Each structure stands twice: as structure tokens, then as C-alpha cells.
Amino acid sequence: MSRRPSRWFALPLLGLVLPIEAAEARGPVRAGSDCIRVVYEAPKKAAFREIYESMRRQRVLERVGAIVGLARLPTRLTYRLKECAGEPNAWYAPESRSVTLCYELVAGVHKVAPKTRSPAGVSHHDAIVGPVAQILMHESGHALFDLLRVPIFGREEDAADQLASYALLQLGGREARTVVNGSAYFFATTGKSEPIDHGGFADVHGFSWQRFYNLACLAYGSDEKRFGYVVAKGYLPKERAEGCGEEYDQVAFAFDRLIVPHLRVRPGGGERLRRAFRGAARGR
Ligand SMILES: [Zn+2]
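Residue positions are given per chain, counted from 1 along the sequence in the order it is written. Where totals are concerned, whole chains, interfaces and linings use all residues; where local detail is concerned, this predicted model gives features only for residues with pLDDT of at least 70, and gives and counts side-chain atom pairs only at 80 or more.

1. Quick look at the overall build of the protein chain
Definition in use: Numbered from the N terminus, helices here are DSSP runs of H or I no shorter than four residues, and strands are runs of E no shorter than two. Exposure criterion: with C-beta atoms placed from backbone coordinates, a residue whose C-beta has 20 or more other C-beta atoms within 10 Å is buried, one with 12 or fewer is exposed, and one in between is partly exposed. By the convention adopted here, residues make contact when the C-beta atoms placed from their backbones lie within 7 Å.
A count of helical and extended segments in the protein chain gives 12 helices and four strands. Burial statistics for the protein chain: of 284 residues in total, 40% are counted as buried. Of the contacts formed within the protein chain by residues at least 6 apart in sequence, a portion of 64% connects residues at least 24 apart.

Structure, rendered in C-alpha cells:
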């Protein structure tokens, strides 16, 4: 369960041209919860400087950490943004109990984002915020499975995707749509250049297009009105869509049984859970 490379992360590397500033070392920024530590390592590479500034300013790691910090963790969990010697990756490391997000991966997300809006209507903002949130919550899923000793049937990579999608859908409204639209865009974009070969079939992760449909299905299953467009516009086949309510309920049931008992706030119902998640993500 150490490093988890993913085909998400096998992105062609970047030609970002960003303002050059002198690299400046700063101390770690800590999140509010005692059990969550957040570290933004200042990048040496000038091209990553804007990502560093922007993610610190928006307190991205703190927000994800605040959601995960709703759980009573037996030990401290660290979120770290760092340079990874050119590798566009993210992983959870059980030995150090840390989630690492590489600048290279965030830069890859920036690189494939549309300048203003994709032909399907996904905005530049959503195409960046969505996948970054999904990636961080996916790795947080691995962390929760490990730290809370959550039993898993099926592939852990699929379970981490389901937990991430479920948690982010609880944010509701505009934020949930940002994650769904942005992550779906990212899966679809990476899926276009992904080889369908034995390596892909043998991989611990699903293909990007499978992850796209799984996300679309959970979103539609969570709220058929709010996410009705994923079926109406043909992104999710009707045959799959018919069972998405049940698929969503299956994940909700697993979450209730396996994660909710570990939460500091006992939600006791869907709306209270959503309020707790939204409050944590907004720093309240
Ligand atoms: Zn994973």
C-alpha cells in the first residue's frame, strides 16, 4: 500500500510559462484540527510558483483536511504539496501517514484545462478545482481506509473513488457541480489518450472512462434533478443511469456503516452530514 501511481497521473508534462520569482522558503501552514497537518513546500521550479501561491491563498489542503478531520483519527495525518522530480503523481503513504500531491500533477491539470470553457461547457475554474479536489479526496480515501481500518470488498482504487465522489457530492449545490463537471472533464481528457491494452486491464485503477462513468452515475444517483443533464446531454447512457440511484444508495450505506461511526459529529441524517461537510470545507 505504499506509493500508488495512477494512470490519472501519466500526463504529458507541462509547458507552463508563469511569472518568474525568486524561490522563497516559508514555514508550514497548519490546519485548524490537531490531527491534520498541512505543508506547502515552496517549489524551486519557477513554473510552479503560481500554483504554490494560489493553493496557499485558497487554503486547498486545509479545506480537504477539514473534511477528513471530521473523523476521529488515531494519529496525525499530513497533507503535503511538493515537487516530485518531474513525476505527476499523488499518493497516500501509510508509513508516514501522509498524503502527497505533486506540483507536477496540479500543473498537468492546469495544462489540460480549457482556456475559458470546454465545448461541453466546463469552465476553466471547474476544470482545475474539480480534479484537484477529487484527487485529494481520493488519496484521503486511502488514508481513511488505512487509519480507520475500514474493510473493503472490491478494488481499493474503486472504493477510494467512490468515497471521494460521495464525500464531495455532500458539499451540494455549486461546489458539487464544480467537482463533478471538472473531474469528469479531466477523466474524459485523460481517457482520450489512454491506451486500451493489457497494461491498462492489469492496472489496479480503472480506465479513465470507467472512472468518468462511475462519477457521473454517482452524481446522477445522488440527485436526478440537479444532475439530470448528465443523462439529458448523453454523457451517461440511460441503461447505466437506471441503476444509479441504487449505486448511490449502496455507497451511502457503506459510508454510514464504515465511516460515520468515526465522525466527531454524529450526523444522524443526510442533511446534517451535508451541513457538517460544507461547514468543514468552508472553514466553519
Ligand atoms: Zn488511489
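Read on for the rest.
2. Some details on the sheet that holds strand S3 (residues 90-93)
So the rule is basically this: Strands are labelled as partners when DSSP assigns at least two bridges between them. Every axis corresponds to a line fitted to the C-alpha atoms, with the helix fit spanning only the stretch in contact, and the corresponding angles, defined between N-to-C directions, vary from 0 to 180 degrees.
Pairing is mixed in the open sheet, where four strands are placed in the order S1-S2-S4-S3. Strands with a single pairing partner mark the edges of an open sheet, and in this sheet they are strand S1 (36-40) and S3. Pairs of neighbouring strands in the sheet enclose a mean axial angle of 15 degrees, with direction left out of account. With five bridges joining them, strand S2 (residues 77-82) and strand S4 (residues 98-102) adopt parallel strand pairing. Bridging across to S4, threonine 78 finds its partner in serine 98. Strand contacts of helix H3 (residues 103-112): S2, S3 and S4, with the helix running at about 50 degrees to S4, the strand carrying the most contacts.

3. Points about helix H2 (residues 60-68)
Within H2, eight of the nine residues are buried, which leaves it mostly tucked inside the rest of the structure. Among the residues of H2, those classed as buried are Val60, Leu61, Glu62, Val64, Gly65, Ala66, Ile67 and Val68.

4. Observations concerning the pairing of S1
Of the two faces of S1, only one is covered, namely that formed by Ile36, Val38 and Tyr40; the face formed by Arg37 and Val39 stays uncovered. Note: S1 against S2, five bridges, orientation parallel. Paired with arginine 37 across the two strands is threonine 78, which belongs to S2.

5. Re H3
Counting buried positions along H3 gives eight out of 10 residues, so the element sits mostly inside the fold. Looking at the buried positions of H3, the neighbouring elements they touch are helix H1 (49-57), S2, S3, S4, helix H4 (124-147) and helix H6 (173-192).

6. Describing the packing of H6 against helix H8 (residues 208-222)
The following threshold applies: When an angle is under 35 degrees it counts as roughly parallel; over 145 it counts as roughly antiparallel; between 65 and 115 it counts as roughly perpendicular; any other value is oblique. Should the near helix be turned anticlockwise from the far one by less than a right angle, the crossing is termed left-handed; should it be turned clockwise, right-handed. Classification used: nonpolar for Ala, Val, Leu, Ile, Met, Phe, Trp, Tyr, Cys and Pro, charged for Asp, Glu, Lys and Arg, polar for all others including Gly.
Across the interface, H6 lies against H8 with an axial gap of 8 Å and an inter-helix angle of 160 degrees. When the axis of H6 is compared with that of H8, the two are roughly antiparallel. Classified by chirality, the crossing of H8 by H6 is left-handed. Mapping the contact onto sequence places Val180, Ser183, Ala184, Phe187, Ala188, Thr190 and Gly191 in H6 and Ser208, Trp209, Arg211, Phe212, Leu215, Ala216 and Ala219 in H8. Considered class by class, the residues forming the contact of H6 with H8 number nine nonpolar, four polar and one charged.

7. Focus on the pairing of S3
The two faces of S3 differ: Ala90 and Tyr92 on one face are buried, but Trp91 and Ala93 on the other face are not. Two elements, S3 and S4, share four bridges in a ladder whose sense is antiparallel. Within the sheet, the bridge partner assigned to tyrosine 92 lies in S4 and is valine 99.

8. Comments concerning unusual backbone geometry
In most cases, non-glycine residues show a negative phi, while peptide bonds are predominantly trans. Even without being a glycine, arginine 59 presents a positive backbone phi close to 50 degrees. Tracing the chain through its elements places arginine 59 in the loop between H1 and H2. Despite not being glycine, alanine 85 shows a phi value in the positive range, around 50 degrees.

9. Considering the nonpolar core
Going by this rule: Core membership is restricted to buried Ala, Val, Leu, Ile, Met, Phe, Trp, Tyr and Cys residues, and these are joined into a nonpolar core through C-beta atoms within 7 Å.
Val64, Leu101, Val132, Leu168, Ala216, Ala219 and Tyr220 are the most contacted members of the largest nonpolar core, which has 76 residues in total. Residue contributions to this core peak at 12 residues, all from H4. Look past the residues within four positions of valine 132 in its chain and what remains in contact with it is Val60, Val106 and Val109.

10. Quick notes on the confidence of the model for the protein chain
Our working rule: Summary of the metric used: pLDDT quantifies the predictor's per-residue confidence within the range 0 to 100.
Here the protein chain averages 88 in pLDDT, and 86% of its residues register 70 or above. Note that pLDDT drops below 50 for residues 1-32; the model gives that stretch 64 contacts with residues more than four away or on any other chain.

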